[in-house]
Amino acid sequence: MQVKVDLHVHTIYSRDSLITPEDLVFYAKKRGLTAVAVTDHDRIDGALKIARETDFLIIPGIEVSSRNGHIVGLNVQEPIPKGLSADETVDRIHAAGGVAVACHPFAFFKGSLGNHANANFDAVETINSSAFPFNRCTRKAQEIADRFGISRVAGTDAHYGPTIGYAYTVIDAEQQVDDIVKAIAKGKCQPFGRPIPISMKLAKYWQFLKKHF
Ligand SMILES: [Zn+2]
Ligand SMILES: [Zn+2]
């Protein structure tokens, strides 16, 4: 069967996100997603807690701040240290039983990997709805996927509930975390998505300011 998954979402366990566990499930269902990957910055505890406490299918993940740029680990049950090289980080993710995604490799202002995205990765995030400039980021990430023959995935990098599902990956897999991540590593997946509209970015900043000031 096919599942439809947003593979890059931040919750309130990332300090820069507004997405509560309730928002996460509400918007994921509203967008018709089968599952979401929770990929908070450098921590896994929130993802594991949400996965335990909801009936909705959650892929526990982490977005690691490697020395060379951000890396998403999917199906990881333990924290991966930040500050290691990209290659060491990918090895740690594999040792933890996860798959490694070169997320937004060419986005400005995001701690991107650039040419540190290589064949060690299982997948490259060719569509990231928050990446700027969107079209250039998408094109250059596709070139990485072509050059190294690795899988292509999509995620929103959502930090605000209503943006969940602007990008998603369709995967040939059963509704089960292990099967989904194995299918991603094998390339049985296809990315879809579009950029988050400016109006929604502004709404997010407004909500963020209201919460913090
Ligand atoms: Zn990032
Ligand atoms: Zn992110």
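What counts, and where the lines are drawn
Residues numbered from 1 in each chain as written. Chains lettered and ligands numbered in written order. Predicted model: local features only at pLDDT ≥ 70, side-chain atom pairs only at ≥ 80, totals over all residues. Heavy atoms only, no water. Donors = N, O, S within 2.8 Å, 3.2 Å for Na, K, Ca; no water. Tetrahedral: all angles 85-135°; square planar, octahedral: opposite > 155°, others 65-115°. Buried < 20%, exposed > 50% of the residue type's maximum accessible area, 1.4 Å probe, protein only. Pairing = 2+ DSSP bridges. Helix = DSSP H or I, 4+ residues; strand = E, 2+ residues; numbered from the N terminus. Axes fitted to C-alpha atoms, helices over the stretch in contact; angles between N-to-C directions. Contact = heavy atoms within 4.5 Å.

Colleague: I would appreciate a short explanation of the coordination of the zinc ion (ligand 1) in the present structure.
Modeller: As a benchmark, a tetrahedral metal site with four donors has ideal angles of 109.5 degrees, while an octahedral site with six donors has ideal angles of 90 or 180 degrees. Distances from the zinc ion (ligand 1) to its protein donors, E63 (OE), H70 (ND1) and H104 (NE2), fall within 2.0 to 2.2 Å. The sequence pattern formed by the donor residues of the zinc ion (ligand 1) is E-x6-H-x33-H. Between the zinc ion (ligand 1) and the zinc ion (ligand 2), both coordinated by E63, there is a metal-metal distance of 3.6 Å.

Colleague: Before we go on, may I ask you to explain the coordination of the zinc ion (ligand 2) in this structure?
Modeller: Protein coordination at the zinc ion (ligand 2) comes from H8 (NE2), H10 (NE2), E63 (OE) and D157 (OD), with a distance range of 2.1 Å. One way to put it: the 4 donor atoms around the zinc ion (ligand 2) meet at angles of 82 to 174 degrees, and that makes the site irregular. Mapped onto the polypeptide sequence, the residues donating to the zinc ion (ligand 2) form the spacing pattern H-x1-H-x52-E-x93-D. On the basis of relative accessible area, D157 is assigned to the buried category, the value being 3%.

Colleague: Can you walk me through the sheet that holds strand 7 (residues 151-155) in this structure?
Modeller: Backbone hydrogen bonds hold the strands of a sheet together, and the pairing may be parallel or antiparallel. Spatially, 9 strands are ordered 7-6-5-4-3-2-1-8-9 in an open sheet, and the strand pairing comes out mixed. Where the open sheet ends on each side, the last strands, each with one partner, are strand 7 and strand 9 (189-193). For this sheet, the mean angle separating the axes of adjacent strands, direction not counted, is 30 degrees. Here 3 bridges tie strand 4 (residues 69-74) to strand 5 (residues 99-102), and the two strands are oriented antiparallel to one another. Each bridged residue has a counterpart across the sheet, and for L74 the counterpart in strand 5 is V99. The sheet strands contacting helix 2 (residues 45-53) are strand 2 (35-41) and strand 3 (57-66), and the helix crosses strand 3 at an angle near 180 degrees.

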